[in-house]
Amino acid sequence: MSPASTGASTTVGAAATVPVSDTPAADSRMTPGGPGYRRMSLALFLAGVATFALLYSTQALLPLISGEYGVAASEASWTVAAATGGLALFVLPMSALSERFGRRTVMTGSLAVAVTVGLLVPFAPSLGVLVVLRAVQGAALAGLPASAQAYLAEEVRPKALVTAIGLFVAGNSVGGMSGRVITGWVAQEWGWRAAVGVIGVIAVGCAVAFRLLLPAPRHFTAGSLRPRILLGTVRDHLANPLLRRLYAIGALFMTVFGGVYTVIGYRLTGAPFGLPQGIIGSIFLVYLVGTVSASTAGQLVGRLGRRGALYLAGGTTAAGLLLSLAPVLPLVLLGLVLITAGFFAGHAVASSAVSKTATQGRAQASALYQSMYYIGSSVGSTVGATAFHAAGWSGTVEVGLLAVVGVVTITVLGSVAARRTVVAHAH
């Protein structure tokens, strides 16, 4: 990494002398097929698995949690919103720690705390305690997403960055899928507490493997923790119109996803479907579609460009939302497939664009994206559940469609701004 990539101090920023040529002699960063790339990919894939498995471990279990504590969907949804909200609040401070102490150190510490809390979650005596534990768990996991993207931006060659981040996002999708499938079947036999306990144990294994596999950083330069400099870096990122658009797009995509997958369990346990918990958990196998769409996001951008890929992702998500309104299970499942594919593709494109756009303070740039992304998840979880309580599944779909319209509108505005820039440069 060029020292300027930290953006943590003016001294560091002045030292940006690392060449960006993709020839091995000029650039020692990792590339597909090169030394350490597979270990790095697997390590961050497992980190992504652990992050999403823990973060959304209660989402598929909300009907059971509602039943045990005697609360409505909107109240039980706080076990999801608290975790994602904690992550959103702490991702920026954790990214600052990663600038000073290193990406690998912060990611390792975050996973260690998160998995420890995960082993305590099954013993929560009340909904209030459960929500607090989940908030702490989300805050701990905040050290993963932004630090991982900054690590990749520093250690992987630019041409391979979209693919590398896509693999990390694919790990998110596998974690989200496996967590929900496993919890569904375990909960059907032994209850939701046993289910989240199993996820905690799996996450411990992922955390250990991550630490053993991840190569030591070679291009990290420690920055400063001085608040004035960090706030200046954040202010610079927020002043960048392209970054602001990407942050909003990430939040809106996650609003759709958070709302749909928080409420879908309630819909499928009710009429006309009446599915058991194990089957509902298995429906999350559609996350495999997200694994594919995220890992191929680089190819999509290569063919359509970033904005074209975002249009396609938004259109696919909207089509899935409309299909899910049908009272026929196969069409609902097809709708979930399209929603999942569109979301993960859009997320991979937007998050990798943030890493490419930020030439300084990459950890803070990624942290701001992740903060908005998980704020979107919290908003989607609570607003989607509230809309479901008020108007049924159609209410949740309306919330999702409004968010997709926001994505398309922002992307159109980006296209207009790009054309104006080209015309201005021509003159």
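Relevant structure appears above.
Keep in mind the model is a prediction, meaning the values are calculated, not measured.

About the cut-offs
- Residues numbered from 1 in each chain as written.
- Predicted model: local features only at pLDDT ≥ 70, side-chain atom pairs only at ≥ 80, totals over all residues.
- Heavy atoms only, no water.
- Helix = DSSP H or I, 4+ residues; strand = E, 2+ residues; numbered from the N terminus.
- Contact = heavy atoms within 4.5 Å.
- Areas by Shrake-Rupley, 256 points an atom, 1.4 Å probe, with all protein chains shown as cover.
- Polar contact = N/O pair within 3.5 Å; in protein donor to acceptor, adjacent residues only side chain to side chain.
- Expected span 1.5 Å × (residues − 1).
- Bend = angle between axes of the 7 residues up to and from the residue.
- Buried < 20%, exposed > 50% of the residue type's maximum accessible area, 1.4 Å probe, protein only.
- Salt bridge = Lys/Arg side-chain N within 4 Å of Asp/Glu carboxyl O.
- Axes fitted to C-alpha atoms, helices over the stretch in contact; angles between N-to-C directions.
- Left-handed = near helix turned anticlockwise from the far one by under 90°.
- Phe/Tyr/Trp six-rings, centres within 6.5 Å; stacked < 30°, edge-to-face > 60°.
- Core = buried A, V, L, I, M, F, W, Y, C linked by side-chain atoms within 4.5 Å.
- Patch = residues over 30% accessible without salt bridge, like charges linked within 9 Å, V, L, I, M, F, W, Y side chains within 5 Å.
- Nonpolar A, V, L, I, M, F, W, Y, C, P; charged D, E, K, R; others polar.

S.K.: How would you sum up the overall build of the protein chain? Please name residues and give values.
M.R.: A count of helices and strands for the protein chain gives 18 helices and zero strands. Residue pairs in contact within the protein chain that sit at least 24 positions apart in sequence constitute 82% of those at least 6 positions apart. About 15,800 Å² of surface is accessible on the protein chain, with carbon and sulfur atoms providing 69% of the total.

S.K.: Describe the side chain of Arg-103, naming the residues involved and giving the relevant values.
M.R.: Within the element layout of this structure, Arg-103 appears in helix α6 (residues 103–120). At 2.9 Å, the side chain of Arg-103 forms a polar contact with the side chain of Ser-98.

S.K.: Go over helix α15 (residues 297–323), please, and point to the residues and values.
M.R.: Over its 27 residues, α15 extends only 24 Å from the first C-alpha to the last, a length that falls short of the 39 Å expected when each residue adds 1.5 Å. At Leu-304, α15 shows its strongest bend, of approximately 110°. Restricting attention to buried positions, one finds in α15 the residues Ala-297, Ala-309, Leu-310, Ala-313, Gly-314, Thr-317, Ala-318, Gly-320 and Leu-321.

S.K.: I'd love a proper account of the side chain of Ser-57, names of residues and values included.
M.R.: Tracing the chain through its elements places Ser-57 in the loop between α2 (37–55) and α3 (62–69). On the accessibility criterion, Ser-57 (5% relative accessible area) is buried. Side-chain polar atoms of Ser-57 contact the backbone oxygen of Leu-54, separated by 3.1 Å. Here Arg-134 takes part through its side chain, which lies 3.5 Å from a polar atom of the side chain of Ser-57. When residues no more than four places from it in sequence are discounted, the contact partners of Ser-57 are Arg-134, Thr-183, Val-196 and Ile-199.

S.K.: A description of unusual backbone geometry should follow, citing residues and the corresponding values.
M.R.: Between Ala-271 and Pro-272 the backbone carries a cis peptide bond, its omega angle lying at 5°. Positionally, Pro-272 belongs in the loop between α12 (241–269) and α13 (277–282).

S.K.: An account of the pattern of salt bridges is needed here, citing residue identities and associated values.
M.R.: A full pass over the atoms with the stated rule returns one salt bridge. Salt-bridge contacts for Arg-193 lead to Glu-68; the nearest nitrogen and oxygen are separated by 2.7 Å. Of this pair, Arg-193 sits in helix α10 (residues 192–213) while Glu-68 sits in helix α3, placing them 125 residues apart in sequence. A relative accessible area of 41% means that Glu-68 is categorised as partly exposed.

S.K.: Tell me about the environment of Glu-189, residues and numbers included.
M.R.: Counting through the fold element by element, Glu-189 comes out in helix α9 (residues 161–190). Taking the relative accessible area as the measure of exposure, Glu-189 reaches 54% and is therefore exposed. The spacing of Glu-189 and Gln-277 is 88 residues in sequence and 9.4 Å in space, taken between C-alpha atoms.

S.K.: Quick one: what's the story with the packing of α2 against α6, residue by residue and with numbers?
M.R.: Between α2 and α6, whose axes approach to 11 Å, the crossing angle comes to 35°. In this structure, the crossing between α2 and α6 has a hand that is left-handed. Contacts between α2 and α6 involve Leu-44, Ala-47, Ala-50 and Leu-54 from the first element and Met-107, Leu-111, Ala-114 and Val-115 from the second.

S.K.: Go over the packing of aromatic side chains with me, naming the residues and quoting the values.
M.R.: Scanning the entire structure with this criterion turns up 10 aromatic pairs. With a centroid separation of 4.0 Å and 10° between ring planes, the pair formed by Phe-257 and Phe-343 is classed as stacked. With Phe-257 in helix α12 and Phe-343 in helix α16 (residues 329–357), this pair connects stretches of sequence that are 86 residues apart. The class of Phe-257 is buried, set by a relative accessible area of 3%. Given a relative accessible area of 1%, Phe-343 falls into the buried group. Ring centres 6.3 Å apart and planes at 40° place the aromatic pair Tyr-266 and Phe-388 in the tilted group.

S.K.: Requested: an account of the nonpolar core, with residues and values cited.
M.R.: As a rule of thumb, soluble globular proteins bury nonpolar side chains together. Counting 121 residues, the largest nonpolar core has Met-40, Leu-44, Ile-65, Leu-152, Tyr-261 and Tyr-374 as its most contacted members. The element that contributes the greatest number of residues to this core is α12, accounting for 14 residues. Leaving out residues up to four positions away in the same chain, Tyr-374 has contacts with Phe-52, Leu-55, Tyr-56, Thr-84, Leu-87, Ala-88, Pro-145 and Met-254.

S.K.: Please set out a nonpolar patch on the surface residue by residue, giving values where relevant.
M.R.: On the surface, a nonpolar cluster with roughly 440 Å² of combined accessible area is contributed by Leu-119, Val-201, Val-204, Val-208 and Leu-212. In terms of residue count, α10 provides more of the nonpolar patch than any other element does, four residues in total. By the element assignment, Leu-119 lies in helix α6.

S.K.: Let's hear about α10: which residues, and what values?
M.R.: Its 22 residues give α10 an end-to-end C-alpha distance of 32 Å, which sits within 8% of 32 Å, the value for a rise of 1.5 Å per residue. When α10 is considered as a whole, its buried residues turn out to be Trp-192, Ala-195, Val-196, Gly-197, Ile-199, Gly-200, Ala-203, Cys-206, Ala-207 and Phe-210.

S.K.: Give me the lowdown on the packing of α12 against helix α17 (residues 362–391), citing residues and values where you can.
M.R.: Geometrically, a packed helix pair is captured by the angle between its two axes and the distance between the axes. In the contact formed by α12 and α17, the axes pass within 6 Å of each other and the chain directions differ by 35°. The two elements α12 and α17 cross, and the hand of that crossing is right-handed. When the residues that make up the contact of α12 with α17 are grouped by side-chain class, the tally is 14 nonpolar, 10 polar and one charged.

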